[in-house]
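Residue-level structure breakdown
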Amino acid sequence: LDSRLPLVIFLHALTPAAARDEFQEELVIRPLHSGDIYASFQFRTLWDTDFLQEGQKVSHYRLFPKSLGQVLSKFSVRELHISFSQGFWRTMQWGQPFIPSPPGAELWVWFHDTVSDVDGNWKELTNVLSGIFCASLNFIDLTNTVQPSASFKPLGLGNATDHRFLRYATLPREIVCTENLTPWKKLLPCGSKAGLAVLMKSEKLFHSSFHSQAVHIRPICQDEQCSSKAWELRQTLNVVFDLHTSGQGKKEWSLFKMFSRTLTEACPLASSSKVYVDITDNPELFELSPATPLLGQAVVLGDRRTYSVYDLSRAETFGQLRSFNLLLRDMLRPLLHAERYVAGFGLQTGEIHTVIYNNHPYRAFPVLLMDSVPWYLQLYIHTLTVTSKSRDNKPSYIHYQPAKDRHRPHLLEMLIQLPPHSMTEVTVQFERALLKWTEYTPDPNHGFYVGSSVVSALVPSMVAMRTNFTQDQPLFSSFVPVKEESSYFVRVYTEPLLVNLPTPDFSMPYNVICLTCTVVAVGYGSFYNLLTRTFQVDEPSPPLSKRLANLIRRIRGVPLLT
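Remember, it's a predicted structure, so these values are computed and weren't measured experimentally. (Residues numbered from 1 in each chain as written. Predicted model: local features only at pLDDT ≥ 70, side-chain atom pairs only at ≥ 80, totals over all residues. Heavy atoms only, no water.)

Scanning the protein chain for helices and strands turns up nine helices and 26 strands. The burial tally for the protein chain puts 41% of its 562 residues in the buried class. By sequence separation, contacts in the protein chain at least 24 residues apart represent 72% of the contacts at least 6 residues apart. Total accessible area computed for the protein chain in this model is approximately 32,500 Å², and 56% of it derives from carbon and sulfur atoms. (Helix = DSSP H or I, 4+ residues; strand = E, 2+ residues; numbered from the N terminus. Buried < 20%, exposed > 50% of the residue type's maximum accessible area, 1.4 Å probe, protein only. Contact = heavy atoms within 4.5 Å. Areas by Shrake-Rupley, 256 points an atom, 1.4 Å probe, with all protein chains shown as cover.)

See below:
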């Protein structure tokens with residue numbers, strides 16, 4: 001019998017009574033107008049059973065988490081909505097979220113109308129949920145609990161419900177961390193081992209502008225006629241990735257850059273697993289890789305949206321590498337871009353790298369690079385190299401003015417032809433000079449700043465430019481006059497450099513002063529005492545017996561003892 005026990009359990013899982021649940025997972029990615037990326041995870045579990053029916057005891061759980069099922073049954077919960085949010089949703093910049101939530105923790109529950117002690121159930125329920133989600137929900141009591149009369153209606157079955165069975169509370173100071181995310185992921189049928197939950201890496205999720213995770217449980221109808229009912233568990237996770245805090249620096253996103261992971265498979269227990277990318281606002285400006293022919297439309301918050309759909313249940317979605325990494329690239333990238341950095345090690349020599357990018361797909365154009373380097377970085381101009389696509393790119397014009405120590409900096413100007421869709425790198429070596437101790441700044445260990453490089457160019461235009469000036473032009477478009485229709489003038493500045501120079505130990509003068517003062521104080525003080533002090537011979541006093549004898553002799557008139 002023991003050897004057949006796994007088979008019995010497996011057959012029992014295939015019975016119709018145990019297979020009446022369904023699981024779906026979705027990920028919606030929406031580029032925001034602020035340049036950020038909004039990612040919304042939706043996990044839905046349907047189970048056509050009734051926890052609250054009298055005489056029915058649910059003992060077998062397949063997809064629906066048992067911990068939540070027991071909570072619904074024990075406390076006669078009709079609806080449960082709980083959310084944990086870190087940050088504030090900026091509606092004016094990001095629009096409306098799919099499911100809003102306040103900062104901190106929020107909990108509101110509808111109890112069944114058969115509950116006699118609602119406050120008692122509410123208190124016990126908050127303590128149990130506090131343990132399930134590793135949160136501070138046990139601090140919810142009557143002092144921060146309310147009974148809204150009109151603001152919160154049931155989202156499931158039963159719109160006309162007595163508000164005496166509704167409880168609502170928030171904890172604005174609740175901090176959301178990994179301790180809350182881990183039990184939330186364990187409620188999923190596949191956990192974080194497969195499906196969309198693989199992307200939920202806490203290091204990335206919490207390094208964002210906004211993060212919110214929620215659990216919503218409610219009874220719903222399975223069809224329009226509501227002939228059959230089911231319990232719906234919806235787990236949502238919303239996150240907004242900021243362009244600057246994520247260290248991207250450009251509007252190019254991918255699943256790997258956002259989550260540090262890619263998708264390899266859908267959840268085996270999911271009947272539907274899809275990824276949606278909102279392309280409504282800029283359908284022609286964004287490039288999706290890999291491309292998908294599937295498009296879908298949906299009315300969301302009163303607006304009809306268009307989405308590119310990726311079905312993870314199809315094998316061709318993952319390709320030959322069995323890995324799905326969605327790339328979202330903004331096609332309106334600047335055609336000219338430049339950056340600069342210092343390479344090398346030690347405090348004697350180094351190398352300045354200036355990288356110039358031509359993002360035009362098929363047009364080459366020249367740029368004028370100007371570098372102004374301080375005199376204390378002694379350039380070796382014979383080490384100057386210019387490479388494009390791993391090949392030497394000889395400048396057509398070079399002007400170099402060497403520096404004079406403590407009088408003028410280096411000046412280097414070059415006219416370089418940039419090939420289409422290329423990266424051109426300009427390198428030159430230098431040697432650090434020793435400064436006088438009076439030439440160092442008050443914080444010499446912080447380093448010395450080197451000004452930005454300047455890249456000037458006539459960049460080819462995608463559309464015809466207007467050469468005639470009119471008063472109706474915006475101010476920001478009429479600052480630089482346009483000489484021709486096919487190009488426009490652009491000036492790009494690179495980052496300033498921070499270079500460390502050989503720095504003496506400025507604590508040594510202090511040490512020398514302290515040592516000198518100590519030597520002078522000890523040596524000169526002793527010698528001065530020897531020269532100025534007077535010495536006298538101090539005779540020893542006679543013993544006590546002799547002094548008493550002389551006292552008696554003096555009284556008697558007898559000569560004293562010597």
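The structure having been displayed, the exposition proceeds.
Turning to the state of the cysteines, a few remarks are in order. Within this structure, the stated rule accounts for one disulfide. One disulfide in the model links Cys190 with Cys267; its S-S distance is 1.8 Å. Linking Cys190 and Cys267, the disulfide has an S-S dihedral of approximately 70° and is accordingly described as right-handed. A residue pair is termed long-range when its members are at least 10 positions apart, and Cys190 in the loop between helix H5 (178-186) and helix H6 (202-205) and Cys267 in the loop between helix H7 (255-259) and strand S10 (272-278) qualify at 77 residues. With no disulfide partner, Cys177 has as its closest neighbouring cysteine sulfur the one in Cys134, 8.6 Å distant. Residue classification places Cys177 among the partly exposed residues on the basis of a relative accessible area of 29%. Free cysteine: Cys514, not disulfide-bonded; nearest cysteine sulfur from Cys517 at 6.8 Å. (Disulfide = S-S within 2.5 Å.)

To continue, consider the environment of Pro419. Mapped onto the elements, Pro419 comes out in the loop between strand S21 (410-418) and strand S22 (422-432). As for Pro419 and Asn358, which are separated by 61 residues in sequence, their C-alpha atoms are 7.1 Å apart. Ignoring sequence-local partners within four residues, the contact set of Pro419 consists of Asn358, Ala364, Ser388, Lys389, Asn393 and Thr424.

Within this structure, the stated rule accounts for 21 aromatic pairs. Seen in terms of ring centroids, Tyr276 and Tyr307 are 6.0 Å apart; in terms of plane orientation they differ by 80°. Their pairing is edge-to-face. Here Tyr307 lies in strand S13 (residues 303-311) and Tyr276 lies in strand S10, a separation of 31 residues in the sequence. Among the aromatic residues, those joined into a cluster by ring pairs are Phe23, Phe41, Phe43, Trp184, Phe241 and Phe259. We note Arg30 situated over the ring of Phe98; from NZ or CZ to the ring centre the distance is 5.5 Å. We note Lys74 situated over the ring of Phe75; from NZ or CZ to the ring centre the distance is 5.7 Å. (Phe/Tyr/Trp six-rings, centres within 6.5 Å; stacked < 30°, edge-to-face > 60°. Lys NZ or Arg CZ within 6 Å of the ring centre and 35° of its normal.)

Our focus in this paragraph is the sheet that holds S22. As summarised here, the arrangement of the five strands in space is S15-S16-S22-S18-S19, forming an open sheet in which the pairing is antiparallel. Each edge of the open sheet carries a strand with a single partner, namely strand S15 (336-343) and strand S19 (391-392). Inspection of the sheet shows strand S16 (residues 349-358) paired to S22 by ten bridges, in the antiparallel sense. The residue of S22 that forms the bridge with Tyr357 is Met423. (Pairing = 2+ DSSP bridges.)

Overall, the predicted model of the protein chain reaches an average pLDDT of 80, with 82% of residues at or above 70. Here residues 1-19 is a poorly scored stretch, pLDDT under 50, and it has six contacts once near neighbours within four places are set aside; other chains count. Note that pLDDT drops below 50 for residues 469-481; the model gives that stretch four contacts with residues more than four away or on any other chain. (pLDDT = per-residue confidence, 0-100.)

This part covers the side chain of Arg432. Examined against the element boundaries, Arg432 turns out to sit in strand S22. Although Arg432 is buried, it forms no salt bridge, and the closest oppositely charged side chain is Glu431 at an N-O distance of 9.4 Å. For Arg432, the side chain forms a polar contact with the main-chain oxygen of Asn500, separated by 2.6 Å. (Lys, Arg positive; Asp, Glu negative; His and termini not counted. Salt bridge = Lys/Arg side-chain N within 4 Å of Asp/Glu carboxyl O. Polar contact = N/O pair within 3.5 Å; in protein donor to acceptor, adjacent residues only side chain to side chain.)

Over its 13 residues, helix H9 (residues 544-556) runs 19 Å from end to end, which matches the ideal 18 Å to within 8%, given 1.5 Å per residue. Positive phi shows up at Gly557, right after H9, with a value of about 80°. (Expected span 1.5 Å × (residues − 1).)

What follows concerns the sheet that holds strand S25 (residues 487-493). Across the sheet, which stays open at both edges, the five strands sit in the order S20-S21-S17-S24-S25 with antiparallel pairing between neighbours. The open sheet has two edge strands, strand S20 (397-401) and S25, and neither has a second partner. Averaged over all adjacent pairs, the angle separating strand axes in this sheet is 15°, with direction ignored. Alignment of strand S24 (residues 454-460) against S25, held across seven bridges, turns out to be antiparallel. Paired with Ala457 across the two strands is Val490, which belongs to S25. (Axes fitted to C-alpha atoms, helices over the stretch in contact; angles between N-to-C directions.)

Our focus in this paragraph is empty space enclosed by the protein. Evaluation of the coordinates by the stated rule reveals three cavities of 30 Å³ or more. Counted as a void, the largest cavity has a volume near 60 Å³. Breaking the lining of the largest cavity down by element, the ones donating at least two residues are S16, strand S17 (365-373) and S22. Considering every element that reaches the lining of the largest cavity, the biggest residue donor is S22, with three residues. Looking at the lining of the largest cavity residue by residue, the class counts come to six nonpolar, two polar and one charged. (1 Å grid on protein atoms, 1.4 Å probe; cavity = no way out; pocket = protein on both sides within 12 Å on 5 of 7 lines; lining within 4 Å. Points joined across faces, edges and corners; volume = space filled by probe spheres on them. Nonpolar A, V, L, I, M, F, W, Y, C, P; charged D, E, K, R; others polar.)

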